[in-house]
Amino acid sequence: MEKIELALDRIIEAMLSRVPSVVLGILILIAGSWLIQLILRIIRKRFERRSVDLSLRDFVASIVKFILYTMLILSVASMVGIQTTSFVAVLGAASLSIGLALQGSLSNFAGGVLILLFRPFRVGDYVSSASGAAGTIEKIDILYTTMRTSDGIAVFAPNGPLANTVITNYSSITKRRLEYKIGIAYEANIKEARDVILKVLIDDHRILNTPKPEVRVSELADSAVNIVIWAWAPKEQFWEAYYENFERIKLALDANNITIPYPQQEMRIVNREAP
């Protein structure tokens, strides 16, 4: 009985001796968290003053936050009596298995670094990738890139596949080419049709004069003479100009009695008299 009481006394004494270090560790954890948030705010304000790219701001802030919190947790653990050396040794021994388990995450991290290093796109750009992801870039994090599609849906694309696929950036240009393919009847006057279409395009202030709009015959098809139309517009007004001029071209052709024929097939019926 005396041995049990003696063991309990030692346990209580050990716990009481750890109370100051535990309380100090909690205080340091709270103060450290406040200090980390302060450092992150200072970094973000410094980035804003120097007009650092938004994608780089978020990425660097995420890495700094991870490093600082890791250092804080290790420091608090050492202060309360936890052997951090053994903890680090165990973590090092488990790094191989962790690396194998997190191959996808490590690939995404490397992809994020490559994206920020080579800058195929930035926050605010509209991009599409060969993997099928498309939208306006809202945020580039350590592992994922956030996009917003034209219909308002958020898409989270892993950085690894995104950095290793073909990316089309529609925001890195100043103008885009409108292209239409229209068929006119064989009986129609090609020169007249060209003049009508060019007038529609020239009358639109959104269509650029350089390069000039072009109307070319692209194919002599079965039922129509196919015409290809090229014109350039500023990227901000591309879709508006594209759809509105599509309608105007159709109305202008109708007004000048230039028909767009339906697909036609000739069928001949041969009557053969019975022998």
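Structure: see above.
Residues numbered from 1 in each chain as written. Predicted model: local features only at pLDDT ≥ 70, side-chain atom pairs only at ≥ 80, totals over all residues. Heavy atoms only, no water.

K.L.:
Please clarify how the overall build of the protein chain should be interpreted in this entry.
P.N.:
In terms of regular secondary structure, the protein chain is built from seven helices and eight strands. Relative to its 275 residues, the protein chain shows a buried fraction of 27%. Within the protein chain, counting contacts between residues at least 6 apart in sequence, those at least 24 apart form 66% of the total. Surface exposure of the protein chain reaches about 18900 Å², of which carbon and sulfur atoms provide 61%. (Helix = DSSP H or I, 4+ residues; strand = E, 2+ residues; numbered from the N terminus. Buried < 20%, exposed > 50% of the residue type's maximum accessible area, 1.4 Å probe, protein only. Contact = heavy atoms within 4.5 Å. Areas by Shrake-Rupley, 256 points an atom, 1.4 Å probe, with all protein chains shown as cover.)

K.L.:
What should I look at first to understand the sheet that holds strand 2 (residues 134–140) in this one?
P.N.:
Backbone-to-backbone hydrogen bonds join strands into a sheet, with any given pair of strands oriented parallel or antiparallel. Strands sit in the order 4-3-2-1-5 across an open sheet of five strands; the sheet is antiparallel. A strand with exactly one partner marks an edge of an open sheet, and here the two such strands are strand 4 (154–158) and strand 5 (167–169). Each strand of the sheet is rotated relative to its neighbour by a mean of 40°, with strand direction disregarded. Relative to strand 4, strand 3 (residues 144–148) runs antiparallel, the two being bridged by five bridges. Looking at strand 4, one finds that Tyr144 is bridged to Pro158. (Pairing = 2+ DSSP bridges. Axes fitted to C-alpha atoms, helices over the stretch in contact; angles between N-to-C directions.)

K.L.:
Got a minute to help me understand the nonpolar core in this structure?
P.N.:
Soluble globular proteins tend to bury their nonpolar side chains together. Core analysis: the largest hydrophobic core is formed by 24 residues, its most contacted members being Leu178, Ile184, Ile197, Ile229, Ile249, Leu253 and Ile258. Taken together, the elements giving at least two residues each to this core come down to strand 6 (175–184), helix 6 (190–202), strand 8 (225–234) and helix 7 (238–255). Tallying contributions element by element places helix 7 first for this core, with six residues. Among all residues touching Ile249, those that are not within four sequence positions of it are Tyr180, Ile182, Ile197, Val200, Leu201 and Ile229. Within the second largest apolar cluster, nine residues are counted, among which are Phe121, Val127, Ile140 and Ala157. (Core = buried A, V, L, I, M, F, W, Y, C linked by side-chain atoms within 4.5 Å.)

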